[in-house]
Protein chains: 6
Amino acid sequence: MPELVVYLLEGRSVEHKRALVKDLTSAVVKNLGVPQESVTVSLVETARTDKAKGGVLFADMKAG
Amino acid sequence: MPELVVYLLEGRSVEHKRALVKDLTSAVVKNLGVPQESVTVSLVETARTDKAKGGVLFADMKAG
Amino acid sequence: MPELVVYLLEGRSVEHKRALVKDLTSAVVKNLGVPQESVTVSLVETARTDKAKGGVLFADMKAG
Amino acid sequence: MPELVVYLLEGRSVEHKRALVKDLTSAVVKNLGVPQESVTVSLVETARTDKAKGGVLFADMKAG
Amino acid sequence: MPELVVYLLEGRSVEHKRALVKDLTSAVVKNLGVPQESVTVSLVETARTDKAKGGVLFADMKAG
Amino acid sequence: MPELVVYLLEGRSVEHKRALVKDLTSAVVKNLGVPQESVTVSLVETARTDKAKGGVLFADMKAG
C-alpha cells in the first residue's frame, strides 16, 4: 500500500537490486506522501526463454 | 473465476502449501457461492534478495 | 507479505467482500504463521466483457 | 502495450514457448492493430506444488 | 491453467475483445495441447492517465 | 522490459501520477542501465471497498 512489482530479465546482482528497491521506494514516498514502511517492492525475474518482444524470445535475439 | 494469487517469501513446506490452498478455496466458496472446482490458487514465491519493505531487501533485514 | 490478489467478476456486495477478505486473511495467518497485520488482500473486479473462458466472453455466455 | 502474461505449469520446451509467443503476438497485432514490436509476452511457470484447482495441489492430483 | 492476462489501454470495442480472446485461446490450445475449456483470458484496461512509457504518461503524449 | 506495476488506492491526481512515473522510471534507468524508452509503468488503482489490510477493508478503517 502501495505495492510495486518490477518484471525484469534475470541476472541482476544483489547490489543492483538493493539500490533499485531503495530508489523506487523513495520515489513513491516523495510523490504519494505515504510512510516509507508501507511500501513493498517485489522483483520478478524472467528467464530469456520465457519472455518475448515482437513475437521473438529474448533467448533468440541477437546481442545489441 | 475466481483466481487467487498469493505472493509469499520462499521456503514454505508442501504441507503448509497444501493446507493453505485448501483453506483459501473454502473461504472463496463460502463467501462468493461459486463451485469449488472453479477456484484456482497460484502461489508465487519470492527470494529474500528479490523483495523489500520500507526500501530494504528482506535479505538485509535483521531476524526478528 | 504475504499479499493476496483475487480476480473475480464484478458485482459483489461490500458485505460479501468484507467477509471474504476476513476469511482469506484468517486462512493465511493460520497456515503461514504470519502476523494478521502483515496480510493484504486486493480484489480485482473484471467486467463480463473483459473476461473469457474457453475463448468465449462471459458477456456472451448463456446464464446457467 | 499491450503486455501479455501467461501463467502455466512448468515443464514446456523452448520450442513450444517459441511458437506460443509468436502466435499470441500475431493474435494481438491482428485484433488490436498495434505494431508487432510493441507487444511483449511473459511466461510465468508455476511448480505443481505451487498451484491448485478446487483446493487441491496439482502435485496431489491423479494423472488423467 | 493456463491463465492469460492482457494489459491494454482502455477504449477497445466488445467486438475487438471478442475476437481477441478467441484467437488468443486458439493459440494456447494449439501450442500447449490443453483443452479449450481450461483456458481463461482476462483483459485489464488502463486509462491513459495511469500508464507511462519512457517516464511519460500516455495522456501527455502527442498523437502519432 | 522492465515493466513496473504499482498497486495503489484510488484518488491520486494526474499531477501526482505524472511525477511518480517520471521518478520511478529514472530509478530504473539509473540502477539497471536500460534505455529510458524501454521502461513502462502501469498504475492500478483499487477502491477502498476492494482492498484490505489485516483482514479489514480500507473502507471500514478509521481515518488516521
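Predicted model, so just to flag it, every value in this text is computed and none were measured. (Residues numbered from 1 in each chain as written. Chains lettered and ligands numbered in written order. Predicted model: local features only at pLDDT ≥ 70, side-chain atom pairs only at ≥ 80, totals over all residues. Heavy atoms only, no water.)

Taken in spatial order, the eight strands of this open sheet run S4(B)-S3(B)-S2(A)-S1(A)-S1(F)-S2(F)-S3(E)-S4(E), and their pairing is mixed. Looking at which strands have only one partner, the edges of the open sheet turn out to be strand S4 (56-57) of chain B together with strand S4 (56-57) of chain E. Of the strand pairs in this sheet, strand S1 (residues 3-9) of chain A and strand S2 (residues 40-46) of chain A are connected by seven bridges, and their pairing is parallel. Note on S2(A): the bridge partner recorded for A:Val5 is A:Ser42. Relative to S2(A), helix H1 (residues 14-32) of chain A is tilted by about 135 degrees, and along the sheet it contacts S1 and S2 of chain A, strand S3 (51-53) and S4 of chain B together with strand S1 (3-9) of chain F. Across the face of the sheet, helix H1 (residues 14-32) of chain F comes into contact with S1 of chain A, strand S3 (51-53) and S4 of chain E together with S1 and strand S2 (40-46) of chain F while running at roughly 135 degrees to S2(F). (Pairing = 2+ DSSP bridges. Helix = DSSP H or I, 4+ residues; strand = E, 2+ residues; numbered from the N terminus. Contact = heavy atoms within 4.5 Å. Axes fitted to C-alpha atoms, helices over the stretch in contact; angles between N-to-C directions.)

Throughout the structure, instances matching the rule amount to 30 salt bridges over all chains. For C:Asp60, the salt bridge is made with E:Arg18, and the minimal N-O distance between the two is 2.6 Å. With C:Asp60 in the segment after strand S4 (56-57) and E:Arg18 in helix H1 (residues 14-32), the pair connects residues from two separate chains. For C:Asp60, a relative accessible area of 32% gives the class partly exposed. Note on E:Arg18: relative accessible area 33%, which makes it partly exposed. For the salt bridge of D:Lys17 with D:Glu45, the shortest nitrogen-to-oxygen distance reads 3.3 Å. Of this pair, D:Lys17 sits in helix H1 (residues 14-32) while D:Glu45 sits in strand S2 (residues 40-46), placing them 28 residues apart in sequence. On the basis of relative accessibility, which here comes to 31%, the residue D:Glu45 falls in the partly exposed class. A network of salt bridges, in which partner residues are shared, links A:Lys17, A:Glu45 and B:Asp50. (Salt bridge = Lys/Arg side-chain N within 4 Å of Asp/Glu carboxyl O. Buried < 20%, exposed > 50% of the residue type's maximum accessible area, 1.4 Å probe, protein only.)

Before going further, it helps to examine the side chain of D:Thr46. Here D:Thr46 lies in strand S2. The buried category is assigned to D:Thr46, whose relative accessible area is 7%.

Take the interface of chain F and chain A next. Taken together, the 23 residues of chain F in the interface contact 23 residues of chain A. The junction of chain F with chain A conceals about 2100 Å² of combined surface from both sides, 64% of it contributed by carbon and sulfur atoms. When the buried area of chain F at its contact with chain A is split by residue, F:Met1, F:Asn31 and F:Leu32 rank highest and sum to 27% of it. The shortest N-O distance in the salt bridge between A:Glu3 and F:Lys51 comes to 2.9 Å. Inspection of the chain F/chain A interface yields 11 residue pairs in polar contact (both at pLDDT 80 or more). Elements represented by at least two residues in the side of chain F that touches chain A include exactly S1, H1 and strand S3 (51-53) of chain F. The greatest single-element share of the side of chain F that touches chain A, amounting to 10 residues, is contributed by H1(F). When the residues that make up the side of chain F that touches chain A are grouped by side-chain class, the tally is 15 nonpolar, two polar and six charged. Note that S1(A) and S1(F) share five bridges and pair antiparallel. Opposite A:Tyr7, over in S1(F), you have F:Glu3 as the bridge partner. (Buried area = accessible area lost by both parts, 1.4 Å probe. Polar contact = N/O pair within 3.5 Å; in protein donor to acceptor, adjacent residues only side chain to side chain. Nonpolar A, V, L, I, M, F, W, Y, C, P; charged D, E, K, R; others polar.)

So, on to the relation of the copies chain F and chain A. One copy of the chain maps onto the second through a rotation around an axis plus a translation along that axis. By a simple turn and slide, chain F fits onto chain A: the slide is 0.0 Å along the axis, the RMSD is 0.0 Å, and the turn is 180 degrees. Both chain copies can therefore be described as sitting about a two-fold axis. Comparing interface residues between copies, 100% of those in chain F also lie at the interface in chain A; the contact surface is shared. (Least-squares fit on C-alpha atoms with pLDDT ≥ 70 in both.)

In this assembly, 10 residues from chain C lie in contact with 14 residues from chain E. Interface area, chain C with chain E, both sides summed: about 1100 Å², of which 49% is carbon and sulfur. Here chain C is connected to chain E by two salt bridges. Here chain C and chain E share seven residue pairs in polar contact (both at pLDDT 80 or more) between them. Per-element tally for the side of chain C that touches chain E: the top contributor is strand S3 (residues 51-53) of chain C, with three residues. Looking at the side of chain C that touches chain E residue by residue, the classes come out as two nonpolar, four polar and four charged. Taken together, the three bridges between S3(C) and strand S2 (residues 40-46) of chain E define a ladder with antiparallel strand orientation. For C:Lys53, the partnering residue across the bridge sits in S2(E) and is E:Thr40.

With that settled, the discussion passes to the packing of H1(A) against H1(F). Close contact between H1(A) and H1(F) brings their axes to 9 Å; oriented N to C, the two are set at 165 degrees. Comparing the axis directions of H1(A) and H1(F) gives the class roughly antiparallel. In the crossing of H1(A) with H1(F), the sense of the turn from one axis to the other is right-handed. Between H1(A) and H1(F), the residues in contact are A:His16, A:Ala19, A:Leu20, A:Asp23, A:Leu24, A:Ala27, A:Val28, A:Lys30, A:Asn31 and A:Leu32 and F:His16, F:Ala19, F:Leu20, F:Asp23, F:Leu24, F:Ala27, F:Val28, F:Lys30, F:Asn31 and F:Leu32, respectively. (Parallel < 35°, antiparallel > 145°, perpendicular 65-115°, else oblique. Left-handed = near helix turned anticlockwise from the far one by under 90°.)

Here S2(E) lies mainly inside the structure; five of its seven residues are buried. Assessed by its sense of winding, the connection that carries the chain from strand S1 (residues 3-9) of chain E through H1(E) to S2(E) is right-handed. (Right-handed = clockwise from strand over helix to strand, strands pointing away.)

Before going further, it helps to examine the confidence of the model for chain A. Overall, the predicted model of chain A reaches an average pLDDT of 93, with 97% of residues at or above 70. Among the prediction metrics, the complex's ipTM stands at 0.86, with pTM recorded as 0.87. (pLDDT = per-residue confidence, 0-100.)

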